[in-house]
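# Close look at the chain arrangement
Each chain, written out:
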Amino acid sequence: ECSFTAPDTFYAEFAHAFRKAVLGDRCSQEQAIGAVQTVLAVPITIEPSVALVGEALPLALKTSATLYDALYVVIAIRQDTQVLTADRPMCNAFASLKRCTHIADFAL
């Protein structure tokens, strides 16, 4: 069994990634809309970024990572879990914390 938690920026970031994919001709509009509709149906606990940003900013500054990535890592720290991501630079930025797992390295 697994559960998902994300900051309140998640849905906008997810949809924006598919917007970029459509503009870059990596997927169709229909595929992008379908992907967003699919993720909207997944039960995800949403954490307000206002409750995370106080810890995320110092972490982002310390690691030179984005604030958005640091929001996910703060959640992982608080829940004593891992961020599962396809973003290798994010994994590298937070490597010392051992809180990020690249999807290619993930095993059940």
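What comes next concerns the included structure. (Residues numbered from 1 in each chain as written. Predicted model: local features only at pLDDT ≥ 70, side-chain atom pairs only at ≥ 80, totals over all residues. Heavy atoms only, no water.)

### Concerning the state of the cysteines
Threshold: Note on terminology: pairs of cysteine sulfur atoms within 2.5 Å are recorded as disulfides.
Per the stated rule, a full pass over the model turns up zero disulfides. Just so you know, Cys100 is unpaired, no disulfide at all, and the nearest cysteine sulfur is the one on Cys91, 4.8 Å from it.

### Brief notes about a nonpolar patch on the surface
For the record, the criterion: What goes into a patch is any residue over 30% in relative accessible area without a salt bridge, connected to like charges within 9 Å or, for nonpolar side chains (Val, Leu, Ile, Met, Phe, Trp, Tyr), within 5 Å. Using the Shrake-Rupley algorithm and a 1.4 Å probe, accessible areas are obtained, with residue cover drawn only from the displayed protein chains. By salt bridge we mean one thing: a side-chain nitrogen of Lys or Arg within 4 Å of a carboxyl oxygen of Asp or Glu. For helices the rule is a DSSP run of H or I covering at least 4 residues; for strands it is a run of E covering at least 2, with both sets numbered from the N terminus onward.
Together, Val53, Leu57, Leu61 and Leu67 make up an exposed nonpolar region whose accessible area comes to about 330 Å². Examining the composition of the nonpolar patch, we find that three residues originate from one element, helix α3 (residues 53-63), more than from any other. In this structure, Val53 sits in helix α3.

### Describing the packing of aromatic side chains
Filter applied, for reference: Side-chain rings of Phe, Tyr and Trp (the six-membered ring for Trp) are treated as a pair once their centres are within 6.5 Å; stacked means planes under 30 degrees apart, edge-to-face means over 60, and tilted covers the remaining angles. Buried, partly exposed and exposed residues are distinguished by accessible area as a fraction of the type maximum, computed with a 1.4 Å probe on protein chains only: under 20%, between the cut-offs, and over 50%, respectively.
Under the criterion given, the structure shown has three aromatic pairs. Ring geometry for Phe10 versus Tyr11: centroids 5.2 Å apart, planes at 70°, classification edge-to-face. Measuring from centroid to centroid gives 5.8 Å for Phe10 and Phe14, while their planes differ by 35°, and the two rings are tilted. Of this pair, Phe10 and Phe14 both sit in helix α1 (residues 10-23), four residues apart, which is roughly one turn of that helix. The exposure class of Phe10 is buried, given its relative accessible area of 16%. Exposure remark for Phe14: the relative accessible area of 23% places this residue in the partly exposed category. Joined through ring pairs, the aromatic side chains of Phe10, Tyr11, Phe14 and Phe18 make up one cluster.

### Things to note about the packing of α1 against helix α2 (residues 29-40)
How two helices pack is summed up by the angle between their axes together with the distance between the axes. Heads up, the condition is: The angle between two axes is taken between their N-to-C directions and runs from 0 to 180 degrees, where each axis is a line fitted to C-alpha atoms and a helix contributes only its stretch in contact. Reported orientations rely on four angle classes, namely roughly parallel under 35 degrees, roughly antiparallel over 145, roughly perpendicular from 65 to 115, and oblique for the rest. Two helices crossing with the near one rotated counterclockwise from the far one by less than a right angle form a left-handed crossing, whereas a clockwise rotation gives a right-handed crossing. Contact criterion: two residues are considered in contact whenever any of their non-hydrogen atoms come within 4.5 Å of each other. Put simply, Ala, Val, Leu, Ile, Met, Phe, Trp, Tyr, Cys and Pro go in the nonpolar bin, Asp, Glu, Lys and Arg in the charged bin, and everything else, Gly too, in the polar bin.
The contact between α1 and α2 brings their axes to 9 Å, and the two run at 165°. Viewed along their axes, α1 and α2 adopt a mutual orientation that is roughly antiparallel. Helix-helix and strand crossings are classified by hand; for α1 and α2 the assignment is right-handed. Here Phe10, Tyr11, Phe14, Ala15, Phe18 and Val22 of α1 lie close against α2, whose contacting residues are Gln29, Ala32, Ala35, Val36, Val39 and Leu40. Looking at the contact of α1 with α2, its residues break down into 11 nonpolar, one polar and no charged.

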